[in-house]
Amino acid sequence: MKFSHRCLAVALGLALFGSASFHPLDVDAAKKKRGPTAAEIAAAQQAEQERQDAYNKTIDSNQIENWPQGPQIYAESAIIMEANTGAILYNKDMDMRNYPASITKIMTALVTLEHCSLDEVVTYSYYATHSIEPRSSTIGRTEGEQLTVEESLYGLLLESANECGNALAEHVSGSVEAFAELMNQKAADLGCTNTHFVNPHGLHDENHYTSAHDMALIMKAALQNENFVRISGTPNFELHPTNKHDEITYMKNHHYMIGPYKGNSKYLDDTVIAGKTGGTTAAKNTLVTAAERGGMTLIVVTMRTASDPNSERGIPLFPDTALLLNYASENFSKVNVAANETNFSVNSSGFFHTGSSIFGQMDPLIEINKNDAIILPNDVPFTDASPELTFQSEEGSDTIATLSYTWQGQPVGFASIQLAQSKIQAFSFDRETGDPVNPDTDPSPETPPKKFIQINIRLVLMGVLTAVVVLLLGILIRKLSKHWDLMGKLRRFRLHKRRKRKKRRRITPRNRYQRTPKKRNSPYSDLDL
C-alpha cells in the first residue's frame, strides 16, 4: 500500500473515531426509532386505564341531595374546604389514606413558626445535608452552613429543599424523630384522624401518610399564620451569600399558580395566596392550594394525581385545581349571619332593657358576631339553613353561645353570640346620692372615694334565662294539673286515706271497750261510781 493510501486510511479512521466520541448514540432516539416493545405498550395502557378509573371515581359530595354537582378530576382523592367556616364544598374520597410527599412541609413550616422566631440562626448538620435521597429536591446546603429560620423556610416552601426540613427539625426539637412527634401532636390537636408523620420532608416511608381532609385542616391552621402565607405565596426569593456559599442562590416557587416555573406561566392565578406541591413515585402528584374568591378563602387539596405522559408538565395537576376553584366560586356564596338571622332576636332594642340607670341602654347587651358567616349554594336562601344553639361554659370568654348551621345535613358554618363590647362596663355609686360616676375618672382629692360594683352581664343573663325556664316549667305544670285535675285527685286520695285510718281506729279492741268518763260538777266527780 502506498504511503498516501495509508495516510488516507488513518485519517478516515480518526474521523470515524471522533464522530463516535463527540456524538454518542441517542438511546431514547433509538428506542423511538425502533418503536415501543409489547411490555411498554401494556404498561402504558394499564397506566392510562388507572388514570381513567381515577377520573370516573364517584364524587361523594355529588351524592348529597340538591348539592351543586362538582366536576370530574384525575385525582383519586380531593377536597374543597372554606377556611373560615370549615365548610366542605367538594368531597372525593377525602378520608382516603395517601402518601403526601412534599406537602408534608406545610406541617413542618407550621410547627417551626410556632416554636421559633424568624431571625434565629439554623446550623445545618451532616445528617441534615447528607441523609436525603440522591436527586431529591435540594438547594445544595452543606454541613456547618448557617441560615436563618426565615431563609430556611423559603428553601423549604419554594424549592421544597429536603435538607431545610431536616435542619429546621433539628433546630426545633434536636432530632428528626422528636420533631415528628411534635408534628403528630399538632395533627391530633387539629382534629386529623388519618395522619402519621415520621419525617419533616415527605420522602417516602410506609408509615408516613395523611388524607386530603387532614391536609385541608393543616392548611387551614397554617393560613392563620401571616408569615406562612407571606413565604408560601412568594414567587421568587434570593438567598444571600452564607458562610459556606459566596454567591446568591435564586429560588423559584414550584407552584405554577403562584409564579412561573421553568418557563410555564399559563396557570398563574392572582387569587392564589399560598400552596405547596409534592410528588414521589409512590405518592404520585399531590397539591395544596389556597385562594381568596368572593369573600371566601378556599382550600383545595388533590392527592394521587397521575401525570399525563402525552401532555406537558403540570397536566392534569394544575388544571384540576383550577377547575375546582372555579366550581366553588361559581356555585357557592358567603352569607353573613348577623344580617340575616331572625330566629334569635338578640338584636332587638328591647331584648334586655330594664329602664334603670345601669341597664337603661336601648342597645342589646348581646349580639351575633358581625363577621361570622356561613357558606351556601347560590340559589339556597338563608332561611333554609338549620341552626342549632349551644351554650358555652368557658370562663373568661365573652362568647355566651354558638349557632351552628347545617344544610342538607352538611355543616356550612357557625356564628358566635357574645356580649356586646360596648356594654361591658363597671358602675360606681355614691353612698348618699346613688348617682353613677365614671370609674375611669380619677377622684379628686376633695372627693371622697366611691365604691364600685362590677356588673357581670354574663351571670345576669344566665340568671334571667334560668328564671324564665323555671317560670315556664311552673306554667306547664299548672296547665297540666288543670287538664288532668291532678289537685282534685290528690285531695280525694288524701281523704280516702284519712277515712281508712279512722275506720281502723274504730274497730281495734282497745277502742271497742274503752269508756270515756262523763263530765260531773259535783265535788265527787273524780270518783267512779
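See the structure above.
Since the model is a prediction, treat every value here as computed from it, not as a measurement. (Residues numbered from 1 in each chain as written. Predicted model: local features only at pLDDT ≥ 70, side-chain atom pairs only at ≥ 80, totals over all residues. Heavy atoms only, no water.)

Q: Could you give an account of the sheet that holds strand β9 (residues 296-305), with specific residues and numbers?
A: Spatially, β2-β1-β9-β8-β7 is the arrangement adopted by the five strands of the open sheet, whose pairing is antiparallel. The open sheet has two free edges, formed respectively by β2 (88-92) and β7 (272-280), since each of these has just one partner strand. Taking each pair of neighbouring strands and ignoring which way they run, the sheet shows an average axis angle of 5°. Examined bridge by bridge, strand β8 (residues 284-293) and β9 share eight bridges and lie antiparallel to one another. When the sheet's bridge partners are listed, Ala290 is paired in β9 with Ile299. Its contacts with the sheet put helix α11 (residues 317-331) on β1 (77-82), β2, β7, β8 and β9, and the angle it makes with β9 is roughly 145°. (Pairing = 2+ DSSP bridges. Helix = DSSP H or I, 4+ residues; strand = E, 2+ residues; numbered from the N terminus. Axes fitted to C-alpha atoms, helices over the stretch in contact; angles between N-to-C directions. Contact = heavy atoms within 4.5 Å.)

Q: Describe the packing of helix α4 (residues 105-115) against helix α8 (residues 176-189), with residues and values.
A: Helices that pack against each other are described as a pair by the angle of their axes relative to one another and the distance between those axes. Contact geometry of α4 with α8 gives a least axis separation of 10 Å together with a crossing angle of 95°. Classified by the angle between their axes, α4 and α8 sit roughly perpendicular to one another. Every residue of α8 that contacts α4 at Met107, Thr108, Leu110, Val111, Thr112, Glu114 and His115 is listed here: Phe179, Leu182, Met183, Lys186 and Ala187. Here the contact of α4 with α8 is composed, by residue class, of seven nonpolar, three polar and two charged. (Parallel < 35°, antiparallel > 145°, perpendicular 65-115°, else oblique. Nonpolar A, V, L, I, M, F, W, Y, C, P; charged D, E, K, R; others polar.)

Q: Before we move on, could you go through the pattern of salt bridges and cite the residues and values that matter?
A: Throughout the structure, instances matching the rule amount to 11 salt bridges. Its salt-bridge partner being Arg141, residue Glu145 comes within 2.7 Å of it at the nearest N-O pair. For the residue pair Glu145 and Arg141, the accessibility class agrees, reading buried in each case. One salt-bridge network, in which partners are shared between bridges, spans Glu48, Arg51 and Asp308. (Salt bridge = Lys/Arg side-chain N within 4 Å of Asp/Glu carboxyl O. Buried < 20%, exposed > 50% of the residue type's maximum accessible area, 1.4 Å probe, protein only.)

Q: How would you summarise the packing of aromatic side chains if you had to cite specific residues and measurements?
A: Inspection of the entire model under this criterion finds 11 aromatic pairs. Ring geometry for Trp67 and Phe332: centres 5.6 Å apart, planes at 50°, overall tilted. A residue pair is termed long-range when its members are at least 10 positions apart, and Trp67 in the loop between α3 (38-55) and β1 and Phe332 in strand β10 (residues 332-336) qualify at 265 residues. A single burial state applies to Trp67 and to Phe332, both of which are buried. With a centroid separation of 5.9 Å and an interplanar angle of 40°, the aromatic rings of Tyr256 and Tyr261 are classed as tilted. (Phe/Tyr/Trp six-rings, centres within 6.5 Å; stacked < 30°, edge-to-face > 60°.)

Q: Pulling in residues and values, what's your account of the packing of helix α7 (residues 162-173) against α8?
A: Interaxial distance between α7 and α8 falls to 8 Å at its minimum, and their mutual angle equals 85°. One finds that α7 runs roughly perpendicular with respect to α8. For the pair formed by α7 and α8, the contact residues are Asn166, Ala169, Val172 and Ser173 on the first element and Val176, Ala178, Phe179 and Leu182 on the second. In terms of residue class, the contact of α7 with α8 is built from six nonpolar, two polar and no charged.

Q: Requested: an account of the pairing of β1, with residues and values cited.
A: Buried residues dominate β1, accounting for six of its six residues. Alternating residues of β1 divide into Ser77, Ile79 and Met81 and Ala78, Ile80 and Glu82, and every residue in both groups is buried. Sheet topology note: the β1/β9 ladder contains six bridges and is antiparallel. Within β9, the position partnered with Ile79 by the bridge is Val301. The pairing of β1 with β2 spans four bridges and is antiparallel. The partner of Ile79 across the bridge, within β2, is Asn91. Two successive antiparallel strands, β1 and β2, enclose a turn made up of five residues, where Gly86 displays a positive phi of approximately 80°.

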